[in-house]
Amino acid sequence: MQIRTVATTPFTDQKPGTSGLRKRVPTFLQAHYLENFVQSIFDTISVPQGATLVLGGDGRYYNREAIQIILKMAAASGFTRVLVGRGGILSTPAASCLIRKYRTHGGIILSASHNPGGPDGDFGIKFNTENGGPAPEKITEAIFAASKKISQYHIADSADVELDRTGDYEIGEMTVSVIDPVEAYAELMESLFDFAAIRTLLKGGFRIKFDAMHAVTGPYAREIFVNRLGAPSTRYWRSQPFAGEGAMRPRHGAAEPTGAGVAASADSVMNAIPLPDFGGGHPDPNLTYAHELVEILYGDNAPDFGAASDGDGDRNMILGKHFFITPSDSLAILAANAHLVPGYQQGLAGIARSMPTSAAADRVAKALGIPCYETPTGWKFFGNLMDAGKVTLCGEESFGTGSDHIREKDGLWAVLFWLNILAVRRQSVEAITREHWAQYGRNVYSRHDYEDIPSDAANGVMKLLHDSFAELQGAQFGHLQVKLCDDFSYTDPVDGSVSTGQGVRIIFTDGSRIVFRLSGTGTGGATLRIYLESYEPDISKHHLDAQQSLATLIGIALQISELRKRTRRERPTVIT
Ligand code: G1P
Ligand code: ZN
């Protein structure tokens, strides 16, 4: 095999964000852009002899081309084997599962998660370490440092690998094993949840609807919900073989039924074929972007349970019939009911949540007598806690929930966890949630996102807040008094590393909170997130709309941030 060494010059913008390097597709299409970053990863992790790499992505535009490049670079960098999902497909949780199962030297996941795809959309790349989790900051910083001084990269001169057929292929000395992207993951799910009980629930007429949002979870959902759990499916799906060549794309020009037909149909899985542009949608499972599913769950003759996942399969949204459950509440309810689920019957070591996530889980942890950790935003901060056996369940308000079964958040896992609880308790999602609030009180919660605002305006808001800390301390707003305001910093209890500047917190004496944070995953302008939380112990107020209950806090947030004046935005882009 011929290895080519190519001279290159650094790009200055290859700093990984909350979750890997994300840029617009045209940025990634610049000559050497992807190669520089991949070489920076390989130079940083120094590939040991005999090392295996996991490789796959969410199927978005440029996925296949990027995989061919990375395979050739892996061969040139001394990997012995690469495990790649058929069709170039691997959900983020499935990649984490494979890294752990086969004890590989980490993996590369190609995804920009919930960001739109297509030629004008986003692309992304992230490196996960041997524990299956996102590389911690010290590694991402080293990769960034390497990217700033790179002068050459190495790539094998070889033909493209056939990605659509499982089997082993050679690039020089390196073996490329094209594997089924679903099997190992589906087996892991079967080992954690009571599939027989869920099957009985579904057989009894409990109706579910899962929206894969034209992204990576389609094939996973079809295998797990339809093939293994017996959820109803239309003939269309049965005629679409899952395994085999080209399985990730409609065969013979067949298009998935769309529109009203799908919504009304008895099919349990919708939008289940991964498309390079996610059907032009925004594959983010929330009330705004997953509106197709929301309309079904809030419509006439709604199913009993609805769920959606994002571009790369690590997020989840859970809906009941005419009912939305916040991710923060979902984490708390999973923790409170974990004893009903086989994989968690032995008890939880602890729970971790990101700082902006509501404190609902803290109350459950307290009742269970287990610790609850508060980490900065981003899944990478949970890894050490899980590796050290300190926590079992983790969650973020941003529709991310997971456990120590892998080292990523896991959308389908959360759906199965809920289905397992529902199969045991035989109550509705709403009834379970209301009972939970009655027992623990309700942490009323909402997040307001102002997307794509000018960076200067966003930075100005954050600076104003910082400059107001002294003045805000102890300030009175109606019946609310500020107890503490700061910029959250975190000291990792396992390795002692410190992360600063993780979000401005304004905490009131009654426990209510406002948090301001700038997104670290956006690719255009800046996204400012405002997180709002108050605690309502009074059961007679649990039915109130969250926006209504949080109105005072929302008013304070707008006032102290001068947000409307500075951004000229009248309302948030997305409310969750
Ligand atoms: C967002 C979420 C965060 C999540 C990340 C990756 O990051 O807020 O919780 O871990 O996406 O899915 P942000 O854009 O806020 O930096
Ligand atoms: Zn994601």
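Quantities reported herein were computed from a predicted structural model and do not represent experimental measurements.

Some thoughts on the overall build of the chain
Reasoning step 1: The number of helices and strands found in the chain is 21 helices and 27 strands.
Reasoning step 2: Computed over C-alpha atoms, the radius of gyration of the chain comes to 23 Å, within 12% of the 25 Å expected from 2.2 N^0.38 for 576 residues, which places it in the range of a compact globule.
Reasoning step 3: When its C-alpha atoms are laid out on the principal axes, the chain stretches across 75 × 60 × 45 Å.
Reasoning step 4: Taking all 576 residues of the chain together, the buried fraction comes to 61%.
Reasoning step 5: Of the roughly 21400 Å² of accessible surface on the chain, a fraction of 49% belongs to carbon and sulfur atoms.
Reasoning step 6: On the chain, the mean spot of the 55 positive side-chain charges and the mean spot of the 64 negative ones are 2 Å from each other.

Remarks on the packing of aromatic side chains
Reasoning step 1: Counted by the stated rule, this structure contains 17 aromatic pairs.
Reasoning step 2: Relative to F123, the ring of Y62 lies with its centre 5.1 Å away and its plane at 65°, an arrangement referred to as edge-to-face. Here the residue Y62 occupies a position in the loop between β3 (52-57) and α3 (63-76), and F123 occupies one in strand β6 (residues 122-128), the gap between them amounting to 61 residues. Each member of the pair, Y62 as well as F123, is classed as buried.
Reasoning step 3: By way of ring pairs, the aromatic residues F11, F28, Y33, Y62 and F123 are connected into one cluster.

Some points on the side chain of Q14
Reasoning step 1: With respect to the element layout, Q14 can be found in the loop between β1 (2-7) and β2 (21-24).
Reasoning step 2: For Q14, a relative accessible area of 0% gives the class buried.
Reasoning step 3: Of note is the side chain of Q14, whose polar atom sits 3.0 Å from the backbone oxygen of Y33.
Reasoning step 4: In contact with Q14, not counting residues within four places along its chain, are L21, Y33, N36, F37, F144 and S147.

Describing the confidence of the model for the chain
Reasoning step 1: In this model, the chain carries a mean pLDDT of 93, and residues with pLDDT of at least 70 account for 95%.
Reasoning step 2: Within the model, the stretch residues 238-254 combines pLDDT values under 50 with 32 contacts to residues more than four positions away or in other chains.
Reasoning step 3: Contacts for the low-pLDDT stretch residues 260-264, under 50 throughout, to residues beyond four places or in other chains number five contacts.

Thoughts on the environment of L550
Reasoning step 1: Mapped onto the elements, L550 comes out in the loop between α19 (546-549) and α20 (551-561).
Reasoning step 2: Note on L550: relative accessible area 1%, which makes it buried.
Reasoning step 3: Along the chain, L550 and S446 lie 104 residues apart, while their C-alpha atoms are 8.0 Å from each other.
Reasoning step 4: Aside from chain neighbours lying at most four places away, what touches L550 is V444, Y445, S446, L532, E533 and S534.

A look at the coordination of the zinc ion (ligand 2)
Reasoning step 1: Protein coordination at the zinc ion (ligand 2): the donors are S113 (OG), D310 (OD), D312 (OD) and D314 (OD), at 2.0 to 2.1 Å from the metal.
Reasoning step 2: Taken together, the four donor atoms coordinating the zinc ion (ligand 2) span angles of 86 to 163° at the metal, a pattern that classifies the geometry as irregular.
Reasoning step 3: Expressed as a motif, the donor residue spacing for the zinc ion (ligand 2) is S-x196-D-x1-D-x1-D. Just as D312 is buried, D314 falls in that class too.

The rules behind each value
- Residues numbered from 1 in each chain as written.
- Chains lettered and ligands numbered in written order.
- Predicted model: local features only at pLDDT ≥ 70, side-chain atom pairs only at ≥ 80, totals over all residues.
- Heavy atoms only, no water.
- Helix = DSSP H or I, 4+ residues; strand = E, 2+ residues; numbered from the N terminus.
- Rg over C-alpha atoms; globule rule 2.2 N^0.38 Å.
- Buried < 20%, exposed > 50% of the residue type's maximum accessible area, 1.4 Å probe, protein only.
- Areas by Shrake-Rupley, 256 points an atom, 1.4 Å probe, with all protein chains shown as cover.
- Lys, Arg positive; Asp, Glu negative; His and termini not counted.
- Charge placed at Lys NZ, Arg CZ, Asp CG, Glu CD.
- Phe/Tyr/Trp six-rings, centres within 6.5 Å; stacked < 30°, edge-to-face > 60°.
- Polar contact = N/O pair within 3.5 Å; in protein donor to acceptor, adjacent residues only side chain to side chain.
- Contact = heavy atoms within 4.5 Å.
- pLDDT = per-residue confidence, 0-100.
- Donors = N, O, S within 2.8 Å, 3.2 Å for Na, K, Ca; no water.
- Tetrahedral: all angles 85-135°; square planar, octahedral: opposite > 155°, others 65-115°.

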